[in-house]
Amino acid sequence: MRIFMQVSTYSYKSYHYFAVRLKKIMPDLVFGVQTSTKSALDFLKNQKDIDYWIFEKDPSFFADKVTKYQGLHDFEQLLRHKSLWRVVATDRMLGRAYLYGTEGYEFKQKSNRNYILKAFSAKLKWFEALFQEFSPDIFMPAMAMSDVGVTIIKQLCDKYDVIYAVPDSLRVQNYCCFTNTPQIVFPIIDETYQKLLNDHNSIDLNPAIKLYNQMTSEFDAPSYFDAVNEKMKKIDFTFAIKIKKILVLIYNLTKLLLSGEIFHDKYKGYQEMRNYILLTLQHLRFSGSRFGTILKQDQKYLYYPLHLNPEYSTLNQGTMFGNQLTVIEALAKSIPVDWVVYVKEHPAMVKEIVRSKYFYYRIRELPNVEIAPTYANTDTLISNAEMVVVINGTSGWEAILRGKPVVTLSDYMFNVMGLSSKCTDLEKLSIKIHDEVNRAKKINIKERKRRILIFLLAVIECGFWISHPNEFFYIQPGTDEEYQLCGEELASGFVKYLNYLQKEKGYSFGIPQET
């Protein structure tokens, strides 16, 4: 069996230890790997454990002189949504013109149709050659990569009958699972949930009850990795820290100017200086007492937590809703007369990405939309909301656990429980909001909890545990020991997934059941 892996700056060691562990279980495995990171290439070429097929990105990646329109047309016809431009919009670089409300990620060719199509054509050609040369049986794409390669790889997997298998978080403590779709929903979870639902009289819910009690006891201070990492921590700006921040800004800008690097590539240098200044100003703005409004206690509201942008949830999962102002305006036109839309910035946005100030200006123009303080307590915001709307993400799941009506704007892994509902037609959004509020009221507490417990049991049965998720999901660098454990746990989860494919889908991998 031949397994191909894409690895990044932070993932290559975890995936190497994953390969080492699998090789012990199935000695005949052959591994291919793609990376353009020097540290990864050096490590993979110098290690002695695995004889990898290594594919480096071709330096002439975007050098195609002719756009192969027939190839692009053939590719487009295989797409579910039948538009190559929708795929372009998932790319932070090629689709930069579709990325609204965010500073940075500038790309000189963002409005050049011919260049974009040539680049897409070249990338499609490169991946097609990779599939033909290595002939993988299983392709493991890099996690959370927002570029056209995500869709290209999935289409080629379907074309060549290759298993597409990407691990991701289940947003239940540290549980993860494999999926066969870039939309990051989990068919294995859905199928298991339905089976358990049908057999509910004969299943043992005690493990799920224990997990449920742990999760609900942490509402006000959740401990799962996605809520406690460094990116999410509050920045407290005292007057002294503000002065220090400004002095550091002046020092770094002076250093950049004196180094002369800015003059080597004036466009890039200008963008770096501009983004650094804007990010510093954003830090100060978000910390100000005038940023955000605390609503009156009796004010009803629909809660909409902003997503990081660009990120996988807005580019790949919710492509048509990447412009979140479109979402907010649609919600503002769809809520009952006595509600407001309450928008909260993603805490990680403060440290990482500059949200355009005009984005907030537009929100403030809307008479029935308010912005929450950036570090307002999420538990309180969700608990007091009439409804929660998300493109994707953890807030929708947290709302389900609290018994709130939830509408999602993309495929959502938790919709299988029937405790939330998907809406992608903005013309029908007001009706969906009205109907979902009334539908949720008809689901009694006992039935709601039963569905959640069965879902959690499916997570336990199908998922696997990652002990160091911050390191595994690129949030922060780790030690060799942490990467090794992540790789070994990933291998256990992978074998579990292969067993499922053997048992339920008719594949044969030559591994004992439940190895």
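Everything here concerns the structure above.
Attention in this report is confined to the structure presented alongside it. (Residues numbered from 1 in each chain as written. Predicted model: local features only at pLDDT ≥ 70, side-chain atom pairs only at ≥ 80, totals over all residues. Heavy atoms only, no water.)

**Remarks on the sheet that holds strand β3 (residues 53–55)**
Formally: By definition, two strands form a pair when at least two bridges between them are found by DSSP. Per the convention used, a helix needs a DSSP run of H or I reaching at least four residues, while a strand needs a run of E reaching at least two, with both numbered from the N terminus. A contact between two residues is defined here by any heavy atoms of the two lying within 4.5 Å. Each axis is a line fitted through C-alpha atoms, and for a helix only the stretch in contact is used; angles between axes span 0 to 180 degrees, taken between their N-to-C directions.
Taken together, the 5 strands give an open sheet; going across it, the order is β3-β2-β1-β4-β5, and neighbouring strands pair in parallel fashion. The open sheet has two free edges, formed respectively by β3 and β5 (163–164), since each of these has just one partner strand. As paired elements, strand β2 (residues 30–34) and β3 share 3 bridges and run parallel to each other. In the sheet register, Val33 faces β3, and the bridge partner there is Ile54. Packing of helix α5 (residues 113–134) onto the sheet brings it into contact with β1 (2–6), β2, β3 and β4 (138–140), and relative to β3 it is tilted by some 170 degrees.

**Describing the layout of surface pockets**
To find leftover empty space, a probe the size of one water molecule is rolled over the atoms. How we decide: Only protein atoms enter the 1 Å grid used here. Points where a 1.4 Å probe fits but cannot escape make up a cavity, open sets with protein on both sides within 12 Å along at least five of seven lines make up a pocket, and a residue lines them when an atom lies within 4 Å of a point. Grid points are joined across faces, edges and corners, and a volume is the space filled by probe spheres set on the points. Note that Gly is not counted as nonpolar here; it falls among the polar residues with everything else outside the nonpolar set of Ala, Val, Leu, Ile, Met, Phe, Trp, Tyr, Cys and Pro and the charged set of Asp, Glu, Lys and Arg.
Within this model, the second largest pocket holds a volume of roughly 560 Å³. Of all elements in the fold, only α4 (84–88), α6 (149–159) and α13 (312–317) reach the threshold of two or more residues within the lining of the second largest pocket. Looking at the lining of the second largest pocket, its residues break down into 8 nonpolar, 12 polar and 6 charged.

**So, the sheet that holds strand β8 (residues 300–305)**
Pairing is parallel across the open sheet formed by 6 strands, whose spatial order is β10-β9-β8-β11-β12-β13. Edge positions in the sheet fall to β10 (369–371) and β13 (421–422), since each has one partner strand and no second. Bridge count for strand β12 (residues 406–408) against β13 is 2 bridges, and the pairing is parallel. Bridge pairing in β13 places Val407 opposite Ser421.

**Focus on the pairing of β1**
Quick reminder of the rule: Exposure is judged per residue with a 1.4 Å probe applied to protein chains only, and the accessible area is read against the type maximum: over 50% gives exposed, under 20% gives buried, and values in between give partly exposed. Viewed with both strands pointing away, a crossover whose connecting path from the first strand over the helix to the second turns clockwise is right-handed.
Counting buried residues in β1 gives 4 out of 5 residues, a clear majority hidden from the surface. As paired strands, β1 and β2 are joined by 5 bridges and run parallel to one another. The residue bridging Phe4 from the neighbouring strand is Gly32, located in β2. Between the parallel pair β1 and β2, the chain is carried across by helix α1 (residues 12–25), and the sense of this crossover is right-handed.

**So, the packing of aromatic side chains**
Heads up, the rule is: Here a pair means two rings of Phe, Tyr or Trp (six-membered ring of Trp) with centres within 6.5 Å. Their orientation is stacked below 30 degrees between planes, edge-to-face above 60, and tilted elsewhere.
Tallying each qualifying case throughout the model produces 29 aromatic pairs. Ring centres of Trp397 and Phe455 lie 5.6 Å apart, and the angle between their planes is 55 degrees; this geometry places the pair in the tilted category. Of this pair, Trp397 sits in helix α18 (residues 394–401) while Phe455 is found in helix α20 (residues 445–462), placing the two residues 58 residues apart along the sequence. By relative accessible area, which is 1% here, Trp397 ends up buried. Among the aromatic side chains, those forming a connected cluster through ring pairs are Phe4, Trp53, Phe55, Phe131, Phe134, Phe139 and Tyr160.

**Thoughts on the packing of helix α8 (residues 206–216) against α20**
Going by this rule: Roughly parallel covers angles under 35 degrees, roughly antiparallel covers those over 145, roughly perpendicular covers 65 to 115, and oblique covers all other angles.
For the pair α8 and α20, the least separation of the axes is 8 Å and the interaxial angle reads 105 degrees. Classed by the angle they form, the pair α8 and α20 counts as roughly perpendicular. In this structure, α8 uses Pro207, Ala208, Ile209, Leu211, Tyr212 and Met215 to contact α20, whose residues at the interface are Lys449, Ile452, Leu453, Leu456, Leu457 and Ile460. Of the residues assigned to the contact of α8 with α20, the class counts are 11 nonpolar, no polar and 1 charged.

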